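Examining the three-dimensional arrangement
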Amino acid sequence: MTVQQSVLQLIGDTPIVKARHLDAGPCELYLKLECMNPGGSIKDRIGLKMIEAAEARGDLKPGATLVEGTAGNTGIGLALVAQQKGYKLLLVVPDKMSREKIFNLRAMGAEVILTRSDVAKGHPEYYQDMAERIARETPGGYFINQFGNPDNPAAHEQGTGPEIWAQMDGDMDAIVFGCGSSGTMTGLSRFFAKAAPHVELVLADPVGSILTQYINEGVLSTKSGSWLVEGIGEDFLPPISDFSRVKKAYAITDKESFLAGRELLMKEGVLGGSSSGTLLAAALKYCREQTTPKKVVVFVCDTGNKYLSKMYNDYWMLDNGFLERPVHGDLRDLILRPYAQRDTVVVSPTDTLQVAYQRMKMYDVSQLPVMDGDAIVGIVDESDVLMHVFGRDEKFKEPVATAMVRKLDKLDVTSPMAALLPVFDRGHVAIVMDDQKFLGLITRIDLLNYLRRRAQ
């Protein structure tokens, strides 16, 4: 190992590790760890390539503002390069992007504009169209245009493809990838067409994207759905795309993707992102369908550090119906954080209001049960704390007992769901009891999440 002169020199040359504990049927599965790039994803490669190629052509002037529409990882790759080279960066991102990515981008100095994720190409608020418009209207603006930029697939044809082929010693039978801008797919397709035409190209695609039907049936739909996995799947064919060598595609649900990503961490110790879960789920399906042994490579596209608030958050997974929970047939089915499992965030009457405030902030809750041992003796919410300390900051040091509400809206666990509505109408939360035993809280959003899961 030698000392590198810039973080940009760490892009590429990512390791491949053989999966040892996943059920790959008769096949051997190899994980290409693009999560090991300095920006945490495969998109570092195209961020560097697209900017340096533009510099070489003389398209970028000192002080230029780079503009791009991205679901996140391309933005981080661009931010990494722009930061090192002294360019301004403005990114338009769909509002389904994980907050970790947004925090990452802003911490690197990028300006982030959120836009709608529920509109298609051609709509003025579609993230790519908005980025192109902003670039035109910005003095010194340069639109990166990953979806139409030939330097995007070139990064993979000249870099990623040869790298994988060399690491596998020219001994592999298939590679599984996703498609967002289509640069990875197009670049790999061009490389393997020349170097190893026998290598099968397999697409992993979110349910809702139009690409699986296009690959498997030759039908180009004009209607797409929505999905929670970030960075892959499309509602149109990107201008740089070349699907001619892709013969098989798998449509993977959000639930399959998130659970596969969590399985990857549990069994192989690799923390991958949501799209990595999609790719892994497709790769495992492909491997298990084979009747003869094959060596299959799959990308771990990005690091799961960017999804800790989503796919690695049990509460988020439960809210969205991606993790199974026991069904009791009573109000316990609506409690997100059961007290018996020590999931409920609580305070004691003798804790200070400062402690109560800190726990609300840390766990992103607006009210806390006040527990004396295992008995609930009160509840304190943001309003209670605010009214108690407003104009008298020193009262943060007073005990919770001085501000908590003692008159509680308790419901027996066997109460009908409709009994929640009068409690919510009073602006309170429901305290669910089994005789004298406290089970947990139910809030408005808990009821909404329950009704939404039931409607799925």
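Overview of the structure.

About the criteria used
- Residues numbered from 1 in each chain as written.
- Predicted model: local features only at pLDDT ≥ 70, side-chain atom pairs only at ≥ 80, totals over all residues.
- Heavy atoms only, no water.
- Helix = DSSP H or I, 4+ residues; strand = E, 2+ residues; numbered from the N terminus.
- Expected span 1.5 Å × (residues − 1).
- Buried < 20%, exposed > 50% of the residue type's maximum accessible area, 1.4 Å probe, protein only.
- Contact = heavy atoms within 4.5 Å.
- Phe/Tyr/Trp six-rings, centres within 6.5 Å; stacked < 30°, edge-to-face > 60°.
- Lys NZ or Arg CZ within 6 Å of the ring centre and 35° of its normal.
- Pairing = 2+ DSSP bridges.
- Axes fitted to C-alpha atoms, helices over the stretch in contact; angles between N-to-C directions.
- Salt bridge = Lys/Arg side-chain N within 4 Å of Asp/Glu carboxyl O.
- Patch = residues over 30% accessible without salt bridge, like charges linked within 9 Å, V, L, I, M, F, W, Y side chains within 5 Å.
- Areas by Shrake-Rupley, 256 points an atom, 1.4 Å probe, with all protein chains shown as cover.
- Core = buried A, V, L, I, M, F, W, Y, C linked by side-chain atoms within 4.5 Å.

Compared with an ideal rise of 1.5 Å per residue, which puts 15 residues at 21 Å, helix α1 (residues 43-57) spans 21 Å between its outermost C-alpha atoms and is within 8% of the ideal. Buried within α1 are the following residues: Lys 43, Asp 44, Arg 45, Ile 46, Gly 47, Leu 48, Met 50, Ile 51, Ala 53 and Ala 54. The inward-facing, buried residues of α1 abut β2 (28-33), β3 (65-69), α2 (73-85), β6 (141-143) and α5 (151-167). Gly 58 lies just past α1 and shows a positive phi near 80°.

To continue, consider the packing of aromatic side chains. Within a pair of aromatic rings, the relevant descriptors are the distance that separates the centres and the angle that separates the planes. Tallied over the full model, the rule gives 11 aromatic pairs. When the centroid spacing of 6.5 Å and the interplanar angle of 75° are considered together, the rings of Tyr 127 and Phe 147 count as edge-to-face. Here Phe 147 lies in the loop between β6 and α5 and Tyr 127 lies in helix α4 (residues 127-137), a separation of 20 residues in the sequence. Each member of the pair, Tyr 127 as well as Phe 147, is classed as buried. When the ring centre of Phe 236 is taken as origin, the NZ or CZ atom of Lys 121, which lies over that ring, is 5.1 Å away. Sitting over the ring of Tyr 315, Arg 337 keeps its end group 3.9 Å from the ring centre.

Here helix α3 (residues 99-107) has its buried residues at Glu 100, Lys 101, Ile 102 and Leu 105. Of the surrounding elements, those touching the buried residues of α3 are α2, β4 (88-94) and β5 (111-115). A positive phi of about 95° marks Gly 109, the residue just after α3.

On to the sheet that holds strand β7 (residues 174-178). With respect to topology, 6 strands assemble into an open sheet ordered β1-β2-β10-β7-β8-β9, the strand pairing being mixed. On the outer flanks of this sheet lie β1 (16-18) and β9 (246-252), each paired with one strand and no other. Across the sheet, the mean angle from the axis of one strand to that of its neighbour is 25°, orientation sign disregarded. In the sheet, β2 pairs with strand β10 (residues 295-300) via 6 bridges, with the strands oriented parallel.

Okay, the side chain of His 388 next. Turning to its location among the elements, His 388 is positioned in helix α12 (residues 382-389). Sequence-distant contacts of His 388, that is, excluding residues within four places in its chain, are made with Leu 353, Lys 395, Glu 398, Thr 402 and Ala 403.

As a general point, the strands of a sheet are linked pairwise by backbone hydrogen bonds and lie either parallel or antiparallel. Taken in spatial order, the 4 strands of this open sheet run β5-β4-β3-β6, and their pairing is parallel. With partners counted over all chains shown, the strands left at the sheet margins are β5 and β6, one partner each. The average undirected angle you get between the axes of adjacent strands in this sheet is 20°. One ladder, built from 3 bridges, connects β3 with β6; its direction is parallel. Residue pairing in the sheet places Leu 66 in a bridge with Tyr 142 of β6.

Here we take up the environment of Ile 42. Considering the arrangement of structural elements, one finds Ile 42 in the loop between β2 and α1. For Ile 42, a relative accessible area of 8% translates into the label buried. As for Ile 42 and Ile 252, which are separated by 210 residues in sequence, their C-alpha atoms are 20 Å apart. Setting aside anything within four residues of it in sequence, one finds Ile 42 in contact with Glu 34, Asn 37, His 156, Thr 184, Phe 299 and Cys 301.

Before going further, it helps to examine the side chain of Asn 320. When you line up the elements, Asn 320 lands in the loop between α10 (314-319) and α11 (353-363). Those residues in contact with Asn 320, other than ones at most four positions away along the chain, are Leu 228, Arg 452, Arg 453 and Gln 456.

A few words on the pattern of salt bridges. When charged atoms on two side chains of opposite charge get close, those side chains can pair. A full pass over the atoms with the stated rule returns 26 salt bridges. Between Arg 342 and Asp 374 there is a salt bridge, with the nearest N and O atoms lying 3.6 Å from each other. You can see Arg 342 sitting in the loop between α10 and α11 and its partner Asp 374 sitting in the loop between β11 (367-372) and β12 (375-381), a full 32 residues away along the chain. Residues Arg 342 and Asp 374 agree in their burial class; the two are exposed. Ionic contacts of the salt-bridge type, sharing partners, join the residues Lys 32, Glu 34, Arg 45 and Glu 163 into one network.

What follows covers a nonpolar patch on the surface. On the surface, Leu 386, Met 387 and Phe 390 cluster together to form a nonpolar patch covering roughly 390 Å² of accessible area. Note that Leu 386 resides in helix α12.

A word on unusual backbone geometry. Even without glycine at this site, Asp 169 takes up a positive phi of about 55°. Along the polypeptide, Asp 169 turns up in the loop between α5 and β7. Even without being glycine, Asp 364 reaches a positive phi, approximately 55°. Here Asp 364 shows up in the loop between α11 and β11. On the basis of relative accessibility, which here comes to 66%, the residue Asp 364 falls in the exposed class.

Take the environment of Phe 396 next. By the element assignment, Phe 396 lies in the loop between α12 and β13 (410-412). Phe 396 sits 55 residues away from Leu 451 along the chain, and the two C-alpha atoms are 38 Å apart. Contact partners of Phe 396, with chain neighbours within four places excluded, come to Thr 352, Leu 353, Gln 354, Tyr 357, Val 385 and Val 389.

Turning next to the nonpolar core. With 63 residues, the main nonpolar core has Leu 29, Ile 175, Phe 177, Phe 192 and Phe 299 as its most contacted residues. The dominant element in this core, judged by the number of residues it contributes, is helix α9 (residues 274-289), at 8 residues. Core analysis: the second largest hydrophobic core is formed by 29 residues, Ala 64, Tyr 87, Ile 144 and Ala 155 among them.

Bear in mind that shape data such as this cannot, by itself, settle questions of function.
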